[in-house]
Amino acid sequence: MTDILDTIRGHIFFVTYGGGHAAALAPVAQLLRQRDVPVTILGLTTAGGYFNRMGLASLGVKDLVEHVPGYEFAVATGERLVEGRPRHSAVSAEETAAYMGVGYTALEKWAGVEDAERLFVRSDRQAFRPVDFFARLFEIAPPAALVGTNSPRSERAAFEAARDRGIPALCLVDLYAAFEIEWCASEKYADRICVLNDAVRDQFIERGVPPAKVTVTGNPSFDRIGRLDANALRRQYREKLGLDGDDRLLVWISQPEPERHPFSGITGETSLPTDIERKFAAAFAHDNKVHLVFRLHPSEDRGPSVDGARLRYGTVEEPLDDILCAADCVVTCSSTVGLEAAMLGVPVVQITRSIFSADLPLAKMGYARPADTLEEAVDEIRAAFTKPHPPCPEGQFEATKRVADAIVDLVR
């Protein structure tokens, strides 16, 4: 018991989900550890696997649940909740049960047994916000500081619990916080907020956040772009695929499209990602100079929707940088990968019909060509092949150092 809790007590405690959030915090954790600053990471859902691949040891909810008073039966509750439900292949059954059980147990403590069941039936895990779990954890193992991002549910709960106990907290806003600003700007969130650029900082200040609390740092996940030998990576990956000099490589960056936006409530087209793949496969099926790579999001637990002679699906193990450097056009609905591609000077097309497209308005910001329909997307891709989009400014790529410095300054 004491071994696990001692890795949190007095340490910088990172709490984050997977995807772009883990990618933003991983370089910061690495740098702090290089500086001999004690860091402990709680990797939620798919984040655990990501941190492991990055060589960063992390805890899961399953490692903590038995040590937190009041949650002795949470795992059993979680096992009941997930019985008969599909499970993400990248998250262990034990971690899934612990995560679901903690979320539901905390929901019961907050809403009561009957209302918790009603809320869960209506919203599933979107109803979770386990403030009680983190409050009890921090009571017995208070960290020196909490670090997280603008994600909802567990990250939001950890921030609220930290503020209630007077634990210093820093939030790294990975992008634009179009909806998340509703809670990130709250006094109950973080002592320090690190943001992508001046526009995001102004947005927080307009919401009443004191200017001294908001620091422009950039996003650490983009720092690696400044260190890439893009020409070498382009050559190597294209050789791997057997591409000639005048061949064109189209890269589709997929993301899940749920039935409903978790914040705005807008209804989504769940088939949109696979519809896009089928459209692109058909549109370029007879163009022997066009090759396609489809890259699924880590949280998309599905197989290929189409196949073709010049089409392949990228894997999680395959470096994304290699794919982006080799691309002649990148297509996304709202992925941060589109921003990375633009920073590399790769033409980007944004399909704007996703319920998440407005969350990251790449086209409106000048990073991408907009396409409201799939037919328009195909036309924009063909245009991008002949008239490459000019490179976007790359900046100094020092976000990792800036965020790490802000964390150290927070606990001085």
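Here the structure is shown first, and the text comes after it.
Residues numbered from 1 in each chain as written. Predicted model: local features only at pLDDT ≥ 70, side-chain atom pairs only at ≥ 80, totals over all residues. Heavy atoms only, no water.

Colleague: Outline helix H8 (residues 131–140), listing residues and values.
Modeller: Looking only at H8, the buried set comprises Phe 133, Phe 134, Leu 137 and Phe 138. All buried residues of H8 fall inside an arc of 125 degrees around its axis, so they share one side. (Buried < 20%, exposed > 50% of the residue type's maximum accessible area, 1.4 Å probe, protein only. Helix = DSSP H or I, 4+ residues; strand = E, 2+ residues; numbered from the N terminus. Arc of directions from axis to C-beta.)

Colleague: Which residues make up the environment of Thr 400, and what values go with them?
Modeller: Mapping Thr 400 onto the fold places it in helix H17 (residues 399–411). Owing to a relative accessible area of 11%, Thr 400 belongs among the buried residues under this scheme. Not counting residues up to four positions away in its chain, the partners in contact with Thr 400 are Pro 27, Val 28, Leu 31, Pro 220 and Asp 223. (Contact = heavy atoms within 4.5 Å.)

Colleague: With reference to specific residues and values, describe the side chain of Thr 96.
Modeller: Residue position: Thr 96 is located in helix H6 (residues 93–111). For Thr 96, the residues in contact, after removing those within four places along its chain, are Val 82, Arg 87 and Val 91.

Colleague: Which residues make up the packing of aromatic side chains, and what are the values?
Modeller: Each pair of aromatic rings is reported with the distance of its centres and the angle of its planes. Here the structure, examined in full by the defined rule, presents twelve aromatic pairs. Measuring from centroid to centroid gives 6.0 Å for Tyr 50 and Phe 51, while their planes differ by 75 degrees, and the two rings are edge-to-face. Among the residues examined, Tyr 50 registers a relative accessible area of 21% and is labelled partly exposed. The interplanar angle of 80 degrees and the centroid separation of 5.4 Å between the aromatic rings of Phe 133 and Phe 134 together place this pair among those described as edge-to-face. You can call Phe 134 buried: its relative accessible area is 1%. Within the aromatic cluster, the residues linked to one another by ring pairs are Phe 13, Tyr 71, Phe 133, Phe 134 and Phe 138. Over the aromatic face of Tyr 104 sits the side chain of Arg 80, whose NZ or CZ is 6.0 Å from the ring centroid. Above the face of the Tyr 71 ring, Lys 109 is positioned so that its terminal group lies 5.5 Å from the ring centre. (Phe/Tyr/Trp six-rings, centres within 6.5 Å; stacked < 30°, edge-to-face > 60°. Lys NZ or Arg CZ within 6 Å of the ring centre and 35° of its normal.)

Colleague: Would you mind going over the nonpolar core in detail, with residue names and values included?
Modeller: Core analysis: the biggest nonpolar cluster contains 87 residues, and Phe 134, Leu 137, Phe 138, Leu 146, Phe 204 and Val 330 have the highest contact counts within it. Of the residues forming this core, the biggest block, eight residues, is contributed by H6. If we skip the residues at most four places from it in the chain, Phe 134 touches Val 15, Leu 42, Ser 154, Ala 157, Ala 158 and Ala 161. Of all hydrophobic cores here, the second largest spans 26 residues; its members include Phe 284, Leu 311, Ile 351 and Val 378. (Core = buried A, V, L, I, M, F, W, Y, C linked by side-chain atoms within 4.5 Å.)

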